[in-house]
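# Descriptive structure summary
One letter stands for each residue in the lines below.
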Amino acid sequence: MRELKITPIKNGTVIDHITSGFALEVLRIIGANNLDKESTVSVALHVRSRRMGWKDIVKVENMELSPQKVNAIALLSPTATISMIQDFKVIEKRPVTLPDHFTGVLKCPNPNCISNQGEPIEPEFDVVHRRPLALRCRYCDRYVDDFLPHLKTR
Amino acid sequence: MGVVITRRGHSGAHRFAKPYTSRACRPTGMGLKGRDLVSIKDLSKQEIESIISAARRHIPVAEGKRTSTLLDGKLLALAFFEPSTRTRLSFETAMLRLGGRTITIADPAVSSVAKGETLSDTVRMLSGYADAIVVRHPNEGASRLASQVSEKPVINAGDGAGQHPTQTLLDLATMEEHFHTLSGLKVVLMGDLRYGRTVHSLAYALALFGAHLVLTSPPALRIPEHIRSDLAEIGADIREEADLRRAVQDADVLYVTRIQKERFGDLAEYARVSSGYRLDPSILEEVKPSFIVMHPLPRVAEIPSEVDSSSHAAYFRQAFLAVPVRMALLSLILSGQPGPGGG
Ligand SMILES: Nc1ncnc2c1ncn2[C@@H]1O[C@H](COP(=O)(O)OP(=O)(O)OP(=O)(O)O)[C@@H](O)[C@H]1O
Ligand SMILES: [Mg+2]
Ligand SMILES: [Zn+2]
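Computed from a predicted model, the values in this text were never measured in an experiment.

Rules and cut-offs
- Residues numbered from 1 in each chain as written.
- Chains lettered and ligands numbered in written order.
- Predicted model: local features only at pLDDT ≥ 70, side-chain atom pairs only at ≥ 80, totals over all residues.
- Heavy atoms only, no water.
- Near = heavy atom within 4 Å.
- Polar contact = N/O pair within 3.5 Å; in protein donor to acceptor, adjacent residues only side chain to side chain.
- Areas by Shrake-Rupley, 256 points an atom, 1.4 Å probe, with all protein chains shown as cover.
- Helix = DSSP H or I, 4+ residues; strand = E, 2+ residues; numbered from the N terminus.
- Nonpolar A, V, L, I, M, F, W, Y, C, P; charged D, E, K, R; others polar.
- Donors = N, O, S within 2.8 Å, 3.2 Å for Na, K, Ca; no water.
- Buried < 20%, exposed > 50% of the residue type's maximum accessible area, 1.4 Å probe, protein only.
- Phe/Tyr/Trp six-rings, centres within 6.5 Å; stacked < 30°, edge-to-face > 60°.
- Lys NZ or Arg CZ within 6 Å of the ring centre and 35° of its normal.
- Arc of directions from axis to C-beta.
- Contact = heavy atoms within 4.5 Å.
- Pairing = 2+ DSSP bridges.
- Domains from an automatic or database assignment.
- Buried area = accessible area lost by both parts, 1.4 Å probe.
- Salt bridge = Lys/Arg side-chain N within 4 Å of Asp/Glu carboxyl O.
- Axes fitted to C-alpha atoms, helices over the stretch in contact; angles between N-to-C directions.

What follows covers the site of ligand 1. All names here are of chain A. Taken together, 14 residues lie around ligand 1, and Ile9, Asp16, Arg51, Lys59 and Lys93 are the ones closest in. Side-chain polar atom of lysine 59 to a nitrogen atom of ligand 1: 3.0 Å apart, as the coordinates give it. In this structure, phenylalanine 88 approaches ligand 1 through a main-chain N or O atom, which is 3.2 Å from a nitrogen atom. In the complex, 75% of the free accessible area of ligand 1, which totals 610 Å², lies under the protein chains. Breaking the shell around ligand 1 down by element, the ones donating at least two residues are strand S1 (12–19), strand S4 (81–86) and strand S5 (89–95). Among the elements that make up the shell around ligand 1, the one with the highest residue count is S1 (three residues). For the shell around ligand 1, a count of residues per class yields seven nonpolar, two polar and five charged.

With that out of the way, let us pick up the coordination of the zinc ion (ligand 3). Residues and elements named next belong to chain A. Around the zinc ion (ligand 3), the donor atoms from the protein are Cys108 (SG), Cys113 (SG), Cys137 (SG) and Cys140 (SG), and they sit 2.3 to 2.4 Å away. For the zinc ion (ligand 3), the single-chain donor residues occur in sequence as C-x4-C-x23-C-x2-C. Here the residue cysteine 113 occupies a position in the loop between strand S6 (101–103) and strand S7 (124–129), and cysteine 137 occupies one in strand S8 (residues 134–137), the gap between them amounting to 24 residues. You'll find cysteine 113 and cysteine 137 in the same group, each marked buried.

With that settled, consider the packing of aromatic side chains. The full count for this structure, using the stated rule, is one aromatic pair over all chains. Here B:Tyr315 and B:Phe316 contribute two aromatic rings whose centre-to-centre distance is 5.0 Å and whose plane-to-plane angle is 65°, an arrangement assigned as edge-to-face. Residue B:Phe316 is classed as partly exposed on the basis of its relative accessible area of 45%. Across from the ring centre of A:Trp54, 4.5 Å away, lies the NZ or CZ of A:Arg48, which sits over that ring.

Here the focus is helix H8 (residues 225–233) of chain B. Among the residues of H8(B), B:Ile227, B:Asp230 and B:Leu231 are the ones counted as buried. Taken down its axis, H8(B) places every buried residue within 95° of arc, on the same side. The exposed set on the far side of H8(B), more than 90 degrees from its buried face, consists of B:Glu225, B:Ala232 and B:Glu233. On the buried face of H8(B), the contacting elements are S8 and strand S9 (143–144) of chain A together with helix H7 (197–208) and strand S7 (237–240) of chain B. At the exit of H8(B) stands B:Gly235, carrying a positive phi of roughly 75°.

Now for the sheet that holds S8(A). In a beta sheet, neighbouring strands are held together by backbone hydrogen bonds and run either parallel or antiparallel to one another. Residue and element names in this part refer to chain A. Pairing is antiparallel in the open sheet, where four strands are placed in the order S6-S7-S8-S9. Each edge of the sheet is formed by a strand with only one pairing partner; in this case those strands are S6 and S9. Note: S8 against S9, two bridges, orientation antiparallel. Bridged to leucine 135 within S9 is valine 144.

It is worth spelling out the domain arrangement of chain A at this point. All names here are of chain A. The assigned domain composition of chain A is domain 1 (12–95) and domain 2 (101–150). Taken together, the contact between domain 1 and domain 2 spans seven residues of the former and nine residues of the latter. Carbon and sulfur atoms supply 76% of the area buried between domain 1 and domain 2, which totals about 650 Å² over both sides. Looking only at domain 1, the three residues that lose the most surface to domain 2 are Gln68, Asn71 and Leu75, adding up to 71% of its buried area. Seen at the junction of domain 1 and domain 2, the total is zero salt bridges. For the pair domain 1 and domain 2, the number of links is one residue pair in polar contact (both at pLDDT 80 or more). With five residues, helix H2 (residues 67–76) is the largest single contributor of residues to the side of domain 1 that touches domain 2.

Residue and element names in this part refer to chain A. Strand order in the open sheet formed by five strands is S2-S3-S1-S4-S5, and the pairing between neighbours is antiparallel. Looking at the sheet topology across the chains shown, the edges are occupied by strand S2 (41–49) and S5. Across the sheet, the mean angle from the axis of one strand to that of its neighbour is 20°, orientation sign disregarded. Looking at chain direction, S4 and S5 are connected through six bridges and run antiparallel.

Shown next, in the form of structure tokens:
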């Protein structure tokens, strides 16, 4: 069942199998509003998926994702897959993977944490539980299991 | 984007960059010299035992019956970014009793902190001056940050609602002195088990030593779920008991904590919760003869002064032991020696 609801891209990145409803957050993470002027960004919301029921898809021309952005996407949507497109072909496809450790992706939800006081440090978290996902701040030990409000891209 | 601090490399000693994995990957048996103490979890059970037994050797010096020059020539920086007379004085006393010296940031309002200097910069400067730094700070995680920035060992003397590992050490030393063991003790933890920073690390350490924990607190101040799950992970034996009289039955220790006014938005709620939280002295009529009452002090009204003269009151001994325990820690970190020679 090969169907492309949106125009194929020559070079760029496809983020597929995004948890339904999270495409706009993914756009925010990748910084879709300040990309190269020549880049087209296409978004498909609420697409039928055999595997997931419903999913979202984001396709961005002429862009590669930094590891930090991939990590942020993994936090929100562990099912996402990332495909690199070159010359209209998929040259690499991989699922996002959750690292054991996050740096600079989330802000600590504890307002009293030293990482929120203007010190020259990036917030750092360790994964303490995978299913369901829970992180812990390396500075103040606070648990985080609700990531959306604390993404640094917000 | 600011300058990102890179973790300092350090020859020999592990720097505890990772709070929850450090113990597993740390080589054992290399002593405490040059190490940081940020969280009680930075220490193994054997290391805690070695500090407690070293503290015993320091008691005569702490009492002024003997003198020591163990830390002669060493300089300790006391970086107190929030007021804490008690903790600061006990560290200062410990250092002076060992023949060392101290420099102090006692009042952040008049120091460079007031001029907006970051903690990172202040600590980096102090680490150039002193041989070790004691940090007390209102923000959680401040000592972890300080330990990353400092070239010299950092000892956490309380960071916000976070860790206060030296308090835990002296609490354990008090119980160990009285019962000659920690394993199998039945310890009742009473009061603010939600925000009380001393209680979380104490519960963790007691569980490590195989104590049985009984928790008794107002419903609003029950222990947070994540702390409970941490404790469960190390196999802690915990139960909750709302009725204090039942809780202390055949218990060995009652550890009372303060209910802090500043944790409550609503003062009426504070008054309601705290007024019910007072140790009724008649409870002591039914306890074991060896039973002790502990409190990190200062107390407000949780323990009426009539308990002070009871043989069960251990909180003044506990306050005194702050000095030899901190002496032991400073000796081990600064010189690698457990205590004054000759036993
Ligand atoms: N030239 C292209 N332009 C835009 N999107 C493309 C292009 N080629 C492939 N894609 C998209 O990239 C993703 C991976 O491509 P692939 O051909 O592997 O898809 P698939 O067969 O649907 O695999 P699966 O859904 O199991 O990941 C899909 O979402 C696909 O729609
Ligand atoms: Mg597909
Ligand atoms: Zn934090």
